[in-house]
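Residue-level structural notes
As a plain string of letters, each chain reads:
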Amino acid sequence: MLIKKTSDIKSSEITDEKLYHKRRQFMVGAATAATGALLAACKKSAPPNVATAPPPKLEGIVKSSFTVDEPQTSLKDITSYNNFYEFGTDKSDPAANAHTLITRPWTVAVEGEVMKPKTFDIDELLRLAPLEERVYRFRCVEAWSMVIPWIGFPLNEIIKRVEPTSKAKFVQFTTLLDPRQMPEQRYGTLEWPYVEGLRMDEAMHPLAILAVGLYGQVLPNQNGAPIRLVVPWKYGFKSIKSVVKIQFVETQPRTTWNLMGPDEYGFYSNVNPEVNHPRWSQGSERRIGEFKRRTTLPFNGYADQVASLYSGMDLRKEY
Ligand code: MTE
């Protein structure tokens, strides 16, 4: 991704094998709380906050038919190789630093062009609809991918309950803004808070989910606890983490990476092997845990379900 810090090493500059060894090194550290605390203590920015109460266990999970039958990325890799810039720009930073995020109490305000605006408590959201396990492909613009067994529910379950007006054409999502909990928000790495958006029909699509867990467990902080968006046919950066606000709006909303680099990151950001990013090929990808590259599929392999949303659009221009 595009960042301002000179100290960051671009993934494009690291060979696959080197990246692999670096990751293995960090995985050991990230897996133990003691080492995590030690790493955090070394960072000048880590505040002394600790989460208050453990989040409730996820129960009554049903299997969904919206699922891919492909080998799943290990829990270790999913939880130690992350992008969550609020906790640092290195892939290992979120696992080391996100313990400062307090996920209870937590509310999500749903407002804007709706008949019934409502602020949902996170525990109410957990009971809103049956929690489903959905194994999705997850493709990052940096040309790596994973297969993740998310636990969540369709975003449209919330949308239906607030009754959008005819003016609601887009949905904007906002991440928590609290530099005490999210140390990198003290710096100008990105414009804070992180924001993302979808067109209304994309948001209503049954594949778009709000995830509250993975691998049957409550979502780890580094993966966007307590609730994050997952849109599997789009690049990973659209899947905004730790959401506190969902607004229905009339015009196309601002999105963080589009603000940072409009030539590199468009609003739609559908996985598209035919539109290359200036720094990463989008024609192929490396599945984390594998060395051989795979061919990247249009819409990340979900074309039969979502391509019709974009009929008539020139996806080279509207990337
Ligand atoms: N959401 C917030 N709030 N902040 C971020 O930095 N990074 C995005 C996305 N959501 C990001 C975010 C990017 S670039 C990616 S690839 C995915 O989260 C990574 O999700 P993961 O760490 O669970 O794999």
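Quick look at the structure, then.

Rules used throughout
Residues numbered from 1 in each chain as written. Predicted model: local features only at pLDDT ≥ 70, side-chain atom pairs only at ≥ 80, totals over all residues. Heavy atoms only, no water. Near = heavy atom within 4 Å. Polar contact = N/O pair within 3.5 Å; in protein donor to acceptor, adjacent residues only side chain to side chain. Areas by Shrake-Rupley, 256 points an atom, 1.4 Å probe, with all protein chains shown as cover. Nonpolar A, V, L, I, M, F, W, Y, C, P; charged D, E, K, R; others polar. Salt bridge = Lys/Arg side-chain N within 4 Å of Asp/Glu carboxyl O. Helix = DSSP H or I, 4+ residues; strand = E, 2+ residues; numbered from the N terminus. Buried < 20%, exposed > 50% of the residue type's maximum accessible area, 1.4 Å probe, protein only. Phe/Tyr/Trp six-rings, centres within 6.5 Å; stacked < 30°, edge-to-face > 60°.

Points about the site of the ligand
Residues in contact with the ligand amount to 17 residues; listed here are only the nearest, Asn82, Tyr85, Glu86, Arg228 and Lys241. Contact distances for the ligand include 2.7 Å between an oxygen atom and a backbone N or O atom of Tyr85. The contact in question runs from an oxygen atom of the ligand to an N or O atom on the side chain of Arg228, over 2.8 Å. Protein contacts shield 100% of the accessible area of the ligand, which totals 530 Å² for the unbound molecule. Of the residues belonging to the shell around the ligand, the class tally is 8 nonpolar, 6 polar and 3 charged.

Focus on the pattern of salt bridges
By the definition in use, this model includes 20 salt bridges. With a shortest N-O distance of 2.8 Å, Glu70 and Arg137 are connected by a salt bridge. Of this pair, Glu70 sits in the loop between strand 1 (62–63) and helix 3 (75–80) while Arg137 is found in strand 4 (residues 132–139), placing the two residues 67 residues apart along the sequence. In this structure Arg137 comes out as buried when scored by relative accessible area, which is 12%.

Structural notes on the packing of aromatic side chains
Counting across every chain of the model gives 11 aromatic pairs. Arranged with centres 6.0 Å apart and planes meeting at 75°, the rings of Tyr136 and Tyr302 form a pair that is edge-to-face. On the criterion of sequence distance, the pair formed by Tyr136 in strand 4 and Tyr302 in the loop between strand 13 (293–295) and helix 9 (303–306) is long-range, its members being 166 residues apart. When sorted by exposure, Tyr136 lands in the same class as Tyr302, which is buried.

What to know about unusual backbone geometry
The linkage connecting Arg104 with the following residue, Pro105, adopts the cis geometry, with an omega of -10°. With respect to the helices and strands, the residue Pro105 is situated in the loop between helix 4 (93–97) and strand 2 (107–112). The omega angle of the peptide bond from Ala225 to Pro226 is -5°, so this bond is cis rather than trans. Looking at the element boundaries, Pro226 is found in the loop between strand 9 (217–218) and strand 10 (228–230). You will see that Ala143, though not glycine, has its phi angle at about 75°, which is positive. Checked against the element boundaries, Ala143 lands in the loop between strand 4 and strand 5 (144–154). The backbone phi angle of Phe299 is positive, close to 50°, even though this residue is not glycine. Checked against the element boundaries, Phe299 lands in the loop between strand 13 and helix 9. We classify Phe299 as buried; its relative accessible area is 9%.

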